Amino acid sequence: MAPGAWGMPPAAGPGGGGPGTVDVAARLAPYLATLPPRRVLLLRLALRAFEWSPFPWRFSRASLESRQDFLRKMDTSTSWIRQDVLLLLKVLTGSGYADDPRVREVVGSTATCRVDPPLPEPEPAPADPLGDLTPRGDGEDCDVAIIGSGAGGAVAASVLAEAGLDVLVLEAGPYMDRRTYPEEPLEALTSLYRDGGLTVAEGIPAIPTPVGRAVGGTTVINSGTCFRAPDAVLDRWKREHGVAWATELDAEYAQAEELLRVTPVDPERMGRNGQLLMEGAEALGVSHHPLSRNAGNCVECSSCPYGCRLDAKRAMHVSYLPKAVAAGARVRAGVEARRLLFEGTRAIGVECVKGVARPGAGSPRPFTVRARRAVIVAGGAFGTPELLLRSGVRSASGEVGNNLRIHPACWVGARFDEEVRGWEGVMQSYAVDEWKRDGILLEATFTPLAFGGHWLPGIGPEHQERLASYGHVASTGVHLSDTSRGRVGLAGDGSLRITYRLNREDAVKLTFGIARAAELFYAAGARE
């Protein structure tokens, strides 16, 4: 995949390499060592299947020319299995390769964050901005235990603590902020993401569904885009589900947007990636608008997936959680909820383990939380049903874990003659909503090299040529409001298993969205 063409450093071969080469395997090894056992098993099975896929000969024992020819056939194959296996290999090798600073230097990409006007020089942050995050002894008591510190758990903690309740927030991941975020992509995957970023909805096709595992949850590693729920959705909640107040949330939205500094992106300063989508929309006469983000006057952000370098993005650990702590809430990092405790049908606590903030670091120890008033499970669409199922919770409908929607998305890239240098703008900046009634939304989204380079087509030298010219690539996400359904369940070893099958209707809509994205980019001057 990386022969050293177009000025890029070559990857070391099976026998190793000299000074100037990138030892991808060595860079990946520490990362792979932190993955959960089931992820490692699936990777081993995929690699073994790939090794023997050219049967009767083995891939690793073939000549370089034969291996490249075989990879090219996989790249153009109509078999979804071959495509998925090849993409998995490109994700792993591409992440390991782009993790090397020399590769990023050749491409010219950087990970920075900038606001304008600049933020006041921050005062030295206290050593413990959220107080003592260390779990005490073998357990703690509280009025309300909240499992999860992301968008749901943090807001619940703030509201309840300000109402005078003794609140304890439990988070499996570590606390990190602008002082401690990882500099390298693979380290960020290990430190800030569940399953090292390899949380996947299994199905045809397999769909990556990365989620955060840190104090602040996924808000620490997302791109900060903030939408209000569509009126049609809120109307349906009121009409079909009896949520009487669903259409009366304007005041609550305004309050949250003020605290989070939700601001529309400035089209004049958002960077060429968003401007090219905007120009294509103007040329075709379709509806478009800037996205609103919880980052105030941010004009450059290429570090969002690694944690905002300035903490200008108002993730939960710098917004709602400080409010909760100021009102008396306690936050505990490195505490993983394993099972809910019940007295009859009432949840009275949580059976946990502590010391799990960093995968593979130390031995987990038992930790029990006792809640006098309530237990709130705020683990998101995956973690909440996972914990309920592991705790033996069954609803009257039998639907716990069923009916998962993931809003699947596709990456569409376009190459321009001009330099785009998407890392110098706002990662998610602009939207085309012309086809929202069809459930399609296009968002200008630029992906950092380590997380986006593997989407580029080609094998060997042709892939490296595209990688070297990544600064000429603009990209957008095609997002779908899906009708397909999935399930959150437990694997045989008790770990999370997500399954999802994209139905034909949704596949057709995504294909339609991909075609519209291509038209927009061509209208803006793309050549590929």
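Each remark here, short or long, concerns the structure printed above.
Let me sum up the structure you'll find in this document.

Cut-offs applied
Residues numbered from 1 in each chain as written. Predicted model: local features only at pLDDT ≥ 70, side-chain atom pairs only at ≥ 80, totals over all residues. Heavy atoms only, no water. Helix = DSSP H or I, 4+ residues; strand = E, 2+ residues; numbered from the N terminus. Rg over C-alpha atoms; globule rule 2.2 N^0.38 Å. Buried < 20%, exposed > 50% of the residue type's maximum accessible area, 1.4 Å probe, protein only. Areas by Shrake-Rupley, 256 points an atom, 1.4 Å probe, with all protein chains shown as cover. Lys, Arg positive; Asp, Glu negative; His and termini not counted. Charge placed at Lys NZ, Arg CZ, Asp CG, Glu CD. Phe/Tyr/Trp six-rings, centres within 6.5 Å; stacked < 30°, edge-to-face > 60°. Contact = heavy atoms within 4.5 Å. Core = buried A, V, L, I, M, F, W, Y, C linked by side-chain atoms within 4.5 Å. Pairing = 2+ DSSP bridges. Axes fitted to C-alpha atoms, helices over the stretch in contact; angles between N-to-C directions. Salt bridge = Lys/Arg side-chain N within 4 Å of Asp/Glu carboxyl O. Arc of directions from axis to C-beta.

Describing the overall build of the protein
Thought 1: Within the protein, the regular secondary structure consists of 15 helices and 19 strands.
Thought 2: Taken over the C-alpha trace, the protein has a radius of gyration of 23 Å; the compact-globule value for 528 residues is 24 Å, and the two agree within 12%.
Thought 3: Structurally, the protein occupies a C-alpha span of about 65 × 55 × 50 Å along its principal axes.
Thought 4: By the burial criterion, 48% of the 528 residues in the protein qualify as buried.
Thought 5: When the accessible surface of the protein is totalled, it reaches about 24,300 Å², and 55% of it is carbon and sulfur.
Thought 6: Separation between the mean location of the 59 positive side-chain charges and that of the 62 negative ones in the protein comes to 6 Å.

Some thoughts on the packing of aromatic side chains
We describe a pair of aromatic rings using the distance from one ring centre to the other and the angle between the two ring planes.
Thought 1: One pass over the full model with this rule turns up 10 aromatic pairs.
Thought 2: Judged by centre distance (6.0 Å) and plane angle (80°), the rings of Phe-416 and Phe-521 are edge-to-face. Of this pair, Phe-416 sits in the loop between strand E14 (409-415) and strand E15 (428-432) while Phe-521 is found in helix H15 (residues 504-523), placing the two residues 105 residues apart along the sequence.
Thought 3: When its relative accessible area of 1% is taken as the criterion, Phe-521 is described as buried.
Thought 4: With centroids separated by 6.1 Å and ring planes inclined at 85°, the aromatic side chains of Trp-435 and Phe-512 adopt a geometry described as edge-to-face.

Observations regarding the environment of Val-325
Thought 1: The topology assignment puts Val-325 in helix H11 (residues 320-326).
Thought 2: Here Val-325 falls in the partly exposed class, since its relative accessible area comes to 22%.
Thought 3: Distance from Val-325 to Glu-162, taken between C-alpha atoms, is 9.4 Å for residues 163 residues apart in sequence.
Thought 4: When residues no more than four places from it in sequence are discounted, the contact partners of Val-325 are Leu-130 and Val-331.

Details of the nonpolar core
Thought 1: Ranked by size, the top nonpolar core spans 47 residues in total, and within it Phe-416, Val-432, Leu-442 and Leu-520 carry the most contacts.
Thought 2: Residues in contact with Leu-520, not counting those within four places in the same chain, are Leu-277, Gly-280, Ala-281, Leu-284, Val-286, Val-432, Trp-435 and Leu-442.
Thought 3: Core analysis: the second largest hydrophobic core is formed by 35 residues, Met-8, Ala-98, Ala-188 and Ile-221 among them.

Digging into the sheet that holds strand E2 (residues 139-147)
Thought 1: Judged by pairing direction, the sheet is mixed, and its 6 strands sit side by side in the order E10-E3-E2-E13-E12-E11 without closing on themselves. What marks the edges here is a single partner per strand, and that holds for strand E10 (330-333) and strand E11 (335-343). For this sheet the average axis-to-axis angle between neighbouring strands, irrespective of direction, equals 40°.
Thought 2: Of the strand pairs in this sheet, E2 and strand E13 (residues 365-377) are connected by 8 bridges, and their pairing is parallel. What sits directly across from Gly-139, in E13, is Thr-368.

A word on the sheet that holds E14
Thought 1: The 5 strands lie next to each other as E7-E15-E16-E17-E14, forming an open sheet whose pairing is antiparallel. Each edge of the sheet is formed by a strand with only one pairing partner; in this case those strands are strand E7 (288-290) and E14. Direction aside, neighbouring strands of the sheet carry axes that sit 25° apart on average.
Thought 2: Pairing analysis gives 3 bridges linking E7 to E15, with the strands arranged antiparallel. Opposite Pro-290, over in E15, you have Tyr-430 as the bridge partner.
Thought 3: Along the sheet, H15 makes contact with E14, E15, strand E16 (440-445) and strand E17 (473-480), crossing E17 at roughly 150°.

Section: the pattern of salt bridges
Thought 1: All chains considered together, the criterion is met by 38 salt bridges.
Thought 2: A salt bridge links Asp-166 to Arg-330; the nearest nitrogen and oxygen atoms lie 3.0 Å apart. Highlighted residues: Asp-166 in the loop between helix H6 (151-162) and strand E3 (167-171) and Arg-330 in strand E10, separated in sequence by 164 residues.
Thought 3: Residue classification places Asp-166 among the partly exposed residues on the basis of a relative accessible area of 24%.
Thought 4: One network of salt bridges, in which partners are shared, links Glu-140, Asp-143, Asp-166, Arg-330, Arg-332 and Arg-372.

Remarks on helix H1 (residues 24-32)
Thought 1: Among the residues of H1, those classed as buried are Val-24, Leu-28 and Tyr-31. Each buried residue of H1 lies within a common arc of 50° when the element is viewed along its axis, so the set occupies one face.
Thought 2: In this structure, the buried residues of H1 make contact with helix H4 (80-98) and helix H7 (185-192).

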